[in-house]
Amino acid sequence: MTFVAKPKLHHPTLPQNALCYTRRDYEGKISTLCAGCGHDSISAAIIQACWELSLEPHRLAKLSGIGCSSKTPDYFLGQSHGFNTVHGRMPSVLTGANLANRELIYLGVSGDGDSASIGIGQFVHAIRRGVNMTYIVENNGVYGLTKGQFSATADQGSTSKRGVVNADSPIDLIGLALQLGATYVGRSFSGDKAQLVPLIKGAIAHRGAAFLDVISPCVAFNNHAGSTKSYEYVRAHNDAVNRLDVIPARAEIAVDYSAGETVEVEQHDGSRLRLHKIDADYDPRDRIAAMNYVQQHQARGEVVTGLLYVDAEAEDLHAHLNTVTAPFNRLEAAELSPGAAVLAKINAGFR
Amino acid sequence: MATVQEETAAAVPVPLSAVNDFVIKFANVNGSGSASANELFAKSILRMGVPVSPRNIFPSNIQGLPTWYEVRVNERGWLGRRGGVDLMVAMNPQTWDADLAEIEPGGYLFYDSTKPLPRSKFRSDVHVIGVPLTQLCSEHYTVARERQLFKNIMYIGALSVLLEVEPDAIEKLLAEQYRGKEKLLDANRQAFQLGRRYVLDNLPHPIGLRVRRADNVGERIFVDGNTAAALGCVYGGATVCAWYPITPSSSLAEAFQKYCMKYRVDPASGANRFAIVQAEDEIASIGMVVGAGWNGARAFTTTSGPGISLMNEFIGLAYFAEIPVTIIDVQRGGPSTGMPTRTQQSDVLACAYASHGDTKHVLLLPQDPTECFEFAAAALDLADRLQTPVFVLTDLDIGMNQRLCEPLAWDDARVYDRGKVMTAEELDAGKEFGRYKDVDGDGIPYRTYPGTHPTKGAYFTRGTSRDPYARYSERGPDYVYNMERLLHKFDTARSLVPAPLPRSAAKPARFGAIYYGSTSPAMAEAIALLEQDGLQLDTLRVRAFPFAESVRAFIDAHDAVYVVEQNRDAQLRSLLINEFDLDPARVPAVLHYDGTPITARFIARAIGERVRTAAAQTSHAGAC
Ligand SMILES: Cc1ncc(C[n+]2csc(CCOP(=O)(O)OP(=O)(O)O)c2C)c(N)n1
Ligand code: SF4
Ligand SMILES: [Mg+2]
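Residues numbered from 1 in each chain as written. Chains lettered and ligands numbered in written order. Predicted model: local features only at pLDDT ≥ 70, side-chain atom pairs only at ≥ 80, totals over all residues. Heavy atoms only, no water.

A. Representation of the interface of chain A and chain B. Taken together, the 58 residues of chain A in the interface contact 72 residues of chain B. Summing both partners gives a buried area of about 5,500 Å² for chain A against chain B, and 62% of it is carried by carbon and sulfur. Among the residues of chain A in contact with chain B, His 81, Phe 350 and Arg 351 of chain A are the three that bury the most area, contributing 15% of the side total. Between chain A and chain B we count four salt bridges in total. One salt bridge in this structure joins Asp 74 of chain A and Arg 462 of chain B, with 2.8 Å as the shortest N-O distance. At the boundary of chain A with chain B, the tally comes to 25 residue pairs in polar contact (both at pLDDT 80 or more). For the side of chain A that touches chain B, the element with the highest residue contribution is helix H3 (residues 90–100) of chain A, accounting for seven residues. Along the lines of polarity and charge, the residues of the side of chain A that touches chain B split into 27 nonpolar, 22 polar and nine charged. In this sheet, strand E17 (residues 460–462) of chain B lies alongside strand E2 (residues 81–84) of chain A in parallel orientation, the contact comprising three bridges. (Contact = heavy atoms within 4.5 Å. Buried area = accessible area lost by both parts, 1.4 Å probe. Salt bridge = Lys/Arg side-chain N within 4 Å of Asp/Glu carboxyl O. Polar contact = N/O pair within 3.5 Å; in protein donor to acceptor, adjacent residues only side chain to side chain. Helix = DSSP H or I, 4+ residues; strand = E, 2+ residues; numbered from the N terminus. Nonpolar A, V, L, I, M, F, W, Y, C, P; charged D, E, K, R; others polar. Pairing = 2+ DSSP bridges.)

B. The arrangement of the site of ligand 2 in detail. Taken together, Leu 33, Cys 34, Cys 37, His 39, Cys 68, Asn 140, Gly 144, Cys 218, Val 219, Ala 220 and Phe 221 of chain A make up all the residues around ligand 2. For the shell around ligand 2, a count of residues per class yields eight nonpolar, three polar and no charged. (Near = heavy atom within 4 Å.)

C. Layout of the coordination of the magnesium ion (ligand 3). Residues and elements named next belong to chain A. Taken together, the protein ligands of the magnesium ion (ligand 3) are Asp 112 (OD), Asn 140 (OD1) and Val 142 (O), with distances of 2.1 to 2.2 Å. Every donor residue of the magnesium ion (ligand 3) comes from the same chain, spaced as D-x27-N-x1-V. Of this pair, Asp 112 sits in helix H4 (residues 112–117) while Val 142 sits in strand E5 (residues 142–143); the two residues are 30 residues apart in sequence, bridging distant segments of the chain. According to the relative accessible area criterion, Val 142 is buried, its value standing at 4%. (Donors = N, O, S within 2.8 Å, 3.2 Å for Na, K, Ca; no water. Buried < 20%, exposed > 50% of the residue type's maximum accessible area, 1.4 Å probe, protein only.)

D. Quick peek at the packing of helix H4 (residues 144–162) of chain B against helix H6 (residues 182–202) of chain B. Residue and element names in this part refer to chain B. Contact pair H4 / H6: the axes reach a minimum separation of 7 Å and the direction vectors enclose 45 degrees. Overall, the two elements H4 and H6 adopt an arrangement that is oblique. H6 is crossed by H4, and the crossing has right-handed handedness. Contacts between H4 and H6 involve Phe 150, Ile 153, Met 154, Ile 156, Gly 157, Ala 158, Ser 160, Val 161 and Leu 162 on the former and, on the latter, Ala 187, Asn 188, Ala 191, Phe 192, Leu 194, Gly 195, Arg 196, Val 199 and Leu 200. Taken together, the residues of the contact of H4 with H6 break down into 13 nonpolar, four polar and one charged. (Axes fitted to C-alpha atoms, helices over the stretch in contact; angles between N-to-C directions. Parallel < 35°, antiparallel > 145°, perpendicular 65-115°, else oblique. Left-handed = near helix turned anticlockwise from the far one by under 90°.)

E. Structural view of the site of ligand 1. Taken together, 18 residues lie around ligand 1, and Cys 68, Ser 69, Gly 113, Asp 114 and Gly 144 of chain A are the ones closest in. Ligand 1 sits at a junction of chains, with neighbouring residues supplied by chains A and B. Between an oxygen atom of ligand 1 and a main-chain N or O atom of Asp 114 of chain A, the distance comes to 2.7 Å. At a separation of 2.8 Å, an oxygen atom of ligand 1 approaches a polar backbone atom of Gly 144 of chain A. Elements supplying a minimum of two residues to the shell around ligand 1: helix H2 (68–71), H4 and E5 of chain A. With three residues, H4 of chain A is the largest single contributor of residues to the shell around ligand 1. Of the residues contributing to the shell around ligand 1, the split by class is six nonpolar, nine polar and three charged.

Below, the structure written as structure tokens:
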């Protein structure tokens, strides 16, 4: 038996998606984060993206680690199961959950402390394995929840609110994700919803490990002069390589762009990623070139954003493990136990 | 038989003589190919209907270090270590002195006599049997590796004549092992016969120790605990296995893989009904198991002590957020890297109270491979039923040694107990859902799988405190309600886990003993040894934590109850004292923890001495 979502009753003027859901149906609890925190804008972008994609909220599972960023799954998609795991270990829990039921959509939300500091190992290996997920790091360069210590993504030479200079070189999660084989890699800014929403939509539609590094200023601890993760700094240094439109499968192609201006990539589910080029030389289908570009521009202090890399042919962990299409959590003894007769044979082999 | 010091032959004790009851130990060099020859030897005796119990004692190393294989041959079926060695097959010059010292007076030393050894290298009270193995090999083989390998099968040949092991049994086993590899089979047969021929032509035979055909093996199987536990996971319906290699648990995950590849592939599509992930560490292993369990699949990990330490934070999450998790801990010598290839029961407390805060966990304590199979499958059911981590605590002795045990059994009518899972139909029918609410009075709440229903039954799982409806809450009463419910749930577990098994002495006994896990076979023999000495002992084999009330009753019913275990700090005893608020004096500890499996002689001696002292003290007190 399948259960079809029934929308809540809302004001009739609110726009509805293909499931007759309004954006309200994708909201969660009231956020308890600081007013102006970048993380809340990312939650809003997730809500918008899921609404636009007409996802059934209960078919998505949202997982996170620990931190202000990791609290946010409580603030969107209230009809989805959520799991606030332990600090830095969301990727392993998401991997296990994904193995248990491949039919759901998996959204992992993490912070820069969660993913680049304590959880760097799990981040690295979940990407390597090609877990089918959308992995969002809400990157503010600090540990918000423990009151402003530097995280591993803080830039060398940037200063803390109290004036301490960070001497350690930063971990660039985009560079790592590209090198480790993530098959959908993007960077954005919590303050740029127009760029962020399609990037999330494309990531959700992607089969494989999709990673988004979203600069998300912490207004309480890292929004001062001297920070490279402040609203002001990111706005001044944002180097967007492209603008993305996600066109659902079977949708009419309304306008034709000339080849030099756009790149179009069809994902496995039939949806198309249409990229409007801002930097004419940038080709998001070339992993090595993407790595070079990001490195070169970062060295100049620029924050490269956009869809940086996509491999539409990607396979995921289930393909690597050659698992059955039925979700594991629905298999019963008849499908899992080899039976008493086989056991008798196994016993005979032990004599 | 030639003894080294002919002139003092009169001083040599009478050669040990025994039929179907002796201990033979092979001292080898790691990586020399001795393992399969030694196993062949043990199996051939089994095929003669005589129970054997072999134990590998091996180093944490791939090649070059000493390794031993100790075989207990015992017609009565004692499968524990007895203690002492009757025949030493000394193939390792590095350990010669220590190996020689272990032989019982009147026992036998078998060695490679190619190079003459000075008299000082022998013991006058031991009978020496020399076979020039190296020389024989050099005469018959040219390739260096062959010279090494066939030495092993050659000494098996020699031993078969000395001990009267039926050559047919060995030849049959060889034929089974090398089926389809005729060239190898022939070469092995030849080496085997060379060994036999040499003894037949040159040495007195048989010796005092002999194997005679019996009928005491029956339907029993010969398998190691890790293989059996892996099969338990296959039969018990585990679909996700996440693990990180560590001795002595790795072979469990590898066996799971082997059997899944054989029995868990969908015949129509060729796709797998299982997923095995070799994780980046034990934190990730347990994290994956937590994720899969949360999402309704049966999942397990297998590890040893260091892995348990790493998993601690997640174990607390699974306990508090109530997620089914199965952890098979094949214990080894700790702390730290400790004795990684030796056995111990030293993770009991680390598992029972794993993680920070107030926690208690379900432990299952199998005694042999049969119970490894049963308890692994049971753990998957219990984890789902109780929505909590369940530990199966085996050890290297059970896990990595082949043990004669009852055949594995499975009832095809058995359905998996998925515990309290609320379905979309139930939610639609208006059944109230409070994720952390005790509606049935057993402390176990209902859960829903992610994706169940569009508008009902979704909840947010977290390691922070919450109210019965899974809403974040820092209110004291909400926290206390939850912690009390978890205790109540643990109490419910008491009646669901395997019950302790009592055994009463023939006559009323003042003293008792509690033991568990791999101590079991040595304990059985120790009881018989003590009875021979006129000492009666009631025993109770504990098979799980939380302890049944009958464990307390057993302790109350005796003047003293010895708690026999294989760790330094008397961990199960501490657990008993703590959980039952016992007077420690009532449960004296009997501890063996040098890394070798406990022996019957050790237990009998330790308990015998104490019982006699205790009895003397009470009679003295009575006289005052
Ligand atoms: C094992 C462990 N160590 C430390 C902490 C304390 N802690 C909570 S959140 C956090 C840092 C979070 O930083 P980040 O992931 O960047 O999230 P943000 O709050 O900045 O969004 C730390 C160190 C913890 N919860 N668990
Ligand atoms: S402390 Fe920083 S990261 Fe946390 S909620 Fe406030 S602004 Fe956001
Ligand atoms: Mg942060």
